[in-house]
Each structure stands twice: as structure tokens, then as C-alpha cells.
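The lines below spell out each chain.
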Amino acid sequence: MSAGDPLVRVDDLRKYFWEHDSLLDRLFGDEPVPVRAVDGVSFEIHEGETLGLVGESGCGKSTAGETMVRLQEPTDGRVEFDGEPVFALEGDALDAFRRAVQIVFQDPFSSLDPRMTVGDIVREPLDVHGVGTEEERRDRVRGLLERVGLSADQFDRYPHEFSGGQRQRIGIARALAVEPEFVVLDEPTSALDVSVQAQVLNLLDDLQDEFDLTYLLISHDLSVIRHVCDRVAVMYLGEIVEIGPVDELFGAPKHPYTRALLESVPRASTDERERDRETLAGDVPSPRDPPSGCRFRTRCPMVIPPETLDIEQETYRELMTLRERIERRDVSLEAVGTDERLDIAGGGASDEDVPAATEALKNRLLETELPPRHEAVVDEALAELAAGDWAAAADRLRAEYESVCEREAPDLGDGSHPVACHLHGAAAERTDGPSSWT
Ligand SMILES: Nc1ncnc2c1ncn2[C@@H]1O[C@H](COP(=O)(O)OP(=O)(O)OP(=O)(O)O)[C@@H](O)[C@H]1O
């Protein structure tokens, strides 16, 4: 590794979990559908730096961290540590990697063996790697316990005798025992009381300076990220959607997902608390079947309409949801209408009933009143649906309303603050996107 090269380089890393969906799938020999937990992520971490990895639960943060350090087998991609390809390491080189890279887990209650004394827990990695003499190891463990804010006298105590914060300090001492260069901190403070969180974060900060550590800090909590990190990577459904210096990312977030995450953090100022928030609607879709194009588009408040369409975002979102429901055949055609006279489930309404069924479907499926141009398109599509032709209805809506966000996956790109969003690509020029976000 030459000067200026990153300590860690992750290139197009993928980790899929393969599972049969159910016993029936297995019986019928259906192809298993992979859980695409990490689906092509790339980033670099420089020596002495803390990179934050943030995103909602289930976005693949822990899997990315564990795969990077070889706790999980990768499906594809490459990770370099100190210029060496991590997944090709064997023998002594692999042992050296396992010393140089450590991980601190979220839950200090389950990650420490309850039958071992604290001294033995912290000493175990030294034993595994055959570091020093018996006495040297003992001295080192005592020194580490004191360094993380515990007392050397607590050497022979058991984990259950400690508080959550103290247990996390034990986990940190254990990770530092073999003098690592790089530590993955996976939600290190999420299980702790708020009052203890800052103390543990400050400790990690001090230890970083003292021992020249490089960190990957995984957290769903933006305030933790802001407190500790130099740069932040935002992850959504197995992909990185934005990465940049912490001040820029918090001060001028580019991706609608990053903005929504920031908006959903409670703030101290009354003014800001009172202002309208774009909050994150709905849940993260399944990583078995992620949305086409931009994966955030199903929840995005700024989906890009076709160039020729002049349409409010709220109306556009409603029409996209309508089409998605029709495509999934997720509309009940039974007992349409107030008098439940029209049951069009079995093959569609007769010609004379189509207008009434169309009207009834519209009342049921749409919440807002549509401008005339869109009402005409929707009326035609719903008439096709009322007549039982699902495909024609979906095609009509797709032809009129399909977004670039569902057609094309945006690239993350290069530079110091890249973002994977069509609003920042060529499409940005014809929208009132980022420049109006102040
Ligand atoms: N061993 C496994 N087998 C199958 N699916 C898994 C496995 N481990 C994780 N997953 C799935 O992979 C996806 C990513 O999980 P992961 O734990 O990496 O997310 P995360 O962002 O770290 O969330 P959390 O903070 O809740 O741990 C989730 O949908 C999860 O259910």
C-alpha cells in the first residue's frame, strides 16, 4: 500500500442469502429466491478515518460489515485491506488479518460468554493468536480494563455483574487486545441507555487517537453518526445511495432518502419541530424482490414524472400506486359499487355495466380528484379493468406515467460526495429538484 491509498477498499461487494421460500417450493423444486442483503456496494476507508454506515433496519449494514471482515462468505465482489485482497487470504496472512481487523457488536449482553470471567474474555484473543507470555497477557488485560474505564480488580468477575455500558467497555477491550488497525463497530451504543451512549462514544473517540484506529461505524442513529464520523455512507436496500463528508451530508443532503432520514430525526428547535416534515412512509421493501430502477422510488417523495407530463407529485404518486396495484392484481373486483350489485371478479362486467363499475372502482381506488387530462386516462384504464383486462389497464397507465426512476437504476458515480439519484443526473435539468431544496 502506498501513501494516500485507502486502508480498506470495498468494490462491488455482494452478499445474498439463499433460502427456499417454503416446503412447497422445495417439493416442487422451485428456484430459491435470494435475499439480496448487500447488492453491489463500493467505498473506501482511509487510515485514521471513521466512516459511518447508516440506514434503516434491514438495509444490509451488518451484513456488509460482517462480509468485509470475513465473518460471512461473500457472494461476489472484492475487499482489499492494506492493499491485499481479503477473500484470497490464507494461512499466516489470514491470521494477521484476523488480528488487524476486529468487530464490536451491538448487544453487550449476548456477545460476551456468561461462563467466562471478564479477564478471560479480554484475554482470549491473545491466547488464540499466541501473543506474549502468560504474565504479559495478564498485564495487558489489566491495562486494557483500566484504559476502557473499568478496574483491574474486576478481572475475575463475570459479565452479569456489570451494567450494559460496562459490558460494552469489556467488548471494546477485547477487540483492542490484539492491537487491531481497523475496527467495525456494529451499533455499539444502540442497546445502551442514552446517558451512557455518549460516554462510550467518547471512549471510542479517545481510543481511536491513542491507538491509531480506523473505524467503520454502523448505526441507524444519525445523531451517533454525526457525533463520531468523518464521512458517511447511506445504505438503502442493499445499495449505497449517497456518500460524503459528514458536514456536507448533514448540511446539504442530496438523496431524497438521506433527506427523509434526516427529517425523521427529532430536533431540539421548536421552529423546526413545528415545520412540515417529509417523513419516511411505509416499510423497506423486501430484499428478495427489490423495486426496479431506483430502489427508493416506492417511498420517494420526489419521483420524476415523464418529461411531457405536468403533474403534482401527490397525484403522480397516487397514479403510480394505482398502476402497481393493478400490476400485482391487488384490487378486489368483487362486489364493486355501493349496492354491491356488480360482481366483476369472474371475467369482468358486461358492456352495459362497465361505466358504473368504472365509476365505482374510481371511488374506491383514488383519494384525490384528478385534473381532467389524468381523469380521462384513468377512466379508460379502469374501464379496461372493469371489463377484466388487467394487462391493458396496466399497460395504459405505464405508457402514460412510467418514470425514469423505475426504468433505470441510477449510478452512484465518483467524487467526494456522490449520490445515486436521477434528480442529480441528466433528469435533474428538467425538474425543480435539488436547486429548490433549501
Ligand atoms: N442469515 C441470514 N439469512 C437470511 N437472511 C438474512 C440473514 N442475515 C440477514 N438477512 C437479511 O438480510 C437483510 C439485511 O440484514 P442486515 O442485518 O444486514 O441489515 P441491517 O441494516 O444491519 O439491519 P439491523 O440494524 O436490523 O441489523 C435483511 O432483510 C435480513 O433479514
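Note: the structure precedes this text.
Keep in mind it's a predicted model, so treat the numbers as computed, not measured.

The rules behind these values
Residues numbered from 1 in each chain as written. Predicted model: local features only at pLDDT ≥ 70, side-chain atom pairs only at ≥ 80, totals over all residues. Heavy atoms only, no water. Helix = DSSP H or I, 4+ residues; strand = E, 2+ residues; numbered from the N terminus. Buried < 20%, exposed > 50% of the residue type's maximum accessible area, 1.4 Å probe, protein only. Contact = heavy atoms within 4.5 Å. Salt bridge = Lys/Arg side-chain N within 4 Å of Asp/Glu carboxyl O. Axes fitted to C-alpha atoms, helices over the stretch in contact; angles between N-to-C directions. Parallel < 35°, antiparallel > 145°, perpendicular 65-115°, else oblique. Left-handed = near helix turned anticlockwise from the far one by under 90°. Near = heavy atom within 4 Å. Polar contact = N/O pair within 3.5 Å; in protein donor to acceptor, adjacent residues only side chain to side chain. Areas by Shrake-Rupley, 256 points an atom, 1.4 Å probe, with all protein chains shown as cover. Nonpolar A, V, L, I, M, F, W, Y, C, P; charged D, E, K, R; others polar. Arc of directions from axis to C-beta. Expected span 1.5 Å × (residues − 1). Lys, Arg positive; Asp, Glu negative; His and termini not counted. Patch = residues over 30% accessible without salt bridge, like charges linked within 9 Å, V, L, I, M, F, W, Y side chains within 5 Å. Charge placed at Lys NZ, Arg CZ, Asp CG, Glu CD. Pairing = 2+ DSSP bridges.

(A) Region of interest: the environment of proline 306. Secondary-structure assignment places proline 306 in the loop between helix 11 (270–274) and helix 12 (313–327). Look at proline 306 and you get buried, because its relative accessible area is 18%. Distance in space between the C-alpha atoms of proline 306 and serine 403 is 5.7 Å, their sequence separation being 97 residues. In contact with proline 306, not counting residues within four places along its chain, are Tyr316, Glu400, Tyr401 and Glu402.

(B) Here's a closer look at the pattern of salt bridges. This model, assessed by the stated rule, comprises 32 salt bridges. Ionic pairing is found between lysine 362 and glutamate 375, a salt bridge with its closest N-O pair at 2.8 Å. In this pair, lysine 362 sits in helix 13 (residues 354–365) while glutamate 375 sits in helix 14 (residues 372–386), placing the two residues 13 residues apart along the sequence. Residue lysine 362 is classed as buried on the basis of its relative accessible area, which comes to 11%. A salt bridge links arginine 398 to glutamate 402; the nearest nitrogen and oxygen atoms lie 2.2 Å apart. Several salt bridges converge on common partners, so that one network encompasses Asp12, Arg14, Arg36, Asp39, Glu239 and Arg295.

(C) Representation of the packing of helix 14 against helix 15 (residues 390–401) within the structure. Interaxial distance between helix 14 and helix 15 falls to 6 Å at its minimum, and their mutual angle equals 160 degrees. By the angle between their directions, the pair helix 14 and helix 15 is classed as roughly antiparallel. Read as a crossing pair, helix 14 and helix 15 show a hand that is right-handed. Taking contact as the criterion, the partners of Arg373, His374, Val377, Val378, Glu380, Ala381, Glu384 and Leu385 in helix 14 are, on helix 15, Trp390, Ala392, Ala393, Arg396, Leu397, Glu400 and Tyr401.

(D) Quick look at the site of the ligand. The immediate surroundings of the ligand are formed by 14 residues, with Ser57, Gly58, Lys61, Ser62 and Thr63 found nearest. A distance of 2.7 Å separates an oxygen atom of the ligand from a polar atom in the backbone of glycine 58. Lysine 61 places a polar side-chain atom, nitrogen or oxygen, 2.8 Å from an oxygen atom of the ligand. Alone, the ligand offers 630 Å² of accessible surface; in the complex the protein occludes 64% of this. For the shell around the ligand, the elements supplying multiple residues, two or more each, are strand 1 (8–19), strand 2 (33–45) and helix 2 (61–68). With three residues, helix 2 is the single largest residue contributor to the shell around the ligand. When grouped by side-chain class, the residues that make up the shell around the ligand number five nonpolar, five polar and four charged.

(E) Expanded view of helix 3 (residues 91–100). Along helix 3, the positions that sit buried rather than exposed are Leu94, Phe97 and Ala100. What you see down the axis of helix 3 is that its buried residues fit within an arc of 125 degrees, all on one side. Here the buried face of helix 3 lies against helix 2, strand 4 (76–81), strand 6 (101–104) and strand 7 (182–186).

(F) A look at helix 7 (residues 194–211). Across its 18 residues, helix 7 extends 26 Å between first and last C-alpha, which sits within 8% of the 26 Å expected from 1.5 Å per residue. On its buried face, helix 7 sits against strand 3 (50–54), helix 5 (134–147), helix 6 (164–176), strand 7, strand 8 (214–219) and helix 8 (222–228). Positioned one or two residues after helix 7, aspartate 212 has a phi angle of 50 degrees, which is positive.

(G) View of the side chain of aspartate 186. Here aspartate 186 shows up in strand 7. Nearest to the buried, unbridged aspartate 186 among oppositely charged side chains is lysine 61, at 7.0 Å. For aspartate 186, the contacting residues outside a window of four places in its chain are Ser62, Glu66, Val104, Phe105, Gln106 and Ile218.

(H) Fine view of a negative patch on the surface. Judged by side-chain charge, Glu47, Glu181, Asp205, Asp206, Asp209 and Asp212 come together as a negatively charged surface patch. Looking at the secondary structure, you find aspartate 205 in helix 7.

(I) Molecular detail of the sheet that holds strand 2. Strands sit in the order 2-1-4-5 across an open sheet of four strands; the sheet is antiparallel. Two strands close off the open sheet at either side, each with one partner strand: strand 2 and strand 5 (84–85). Of the pairings in the sheet, the one linking strand 1 to strand 2 comprises 10 bridges and is antiparallel in character. Looking across to strand 2, one finds that valine 8 is bridged to isoleucine 45. Where helix 2 meets the sheet, its contacts fall on strand 1, strand 2 and strand 4, and the angle it forms with strand 1 comes to roughly 115 degrees.

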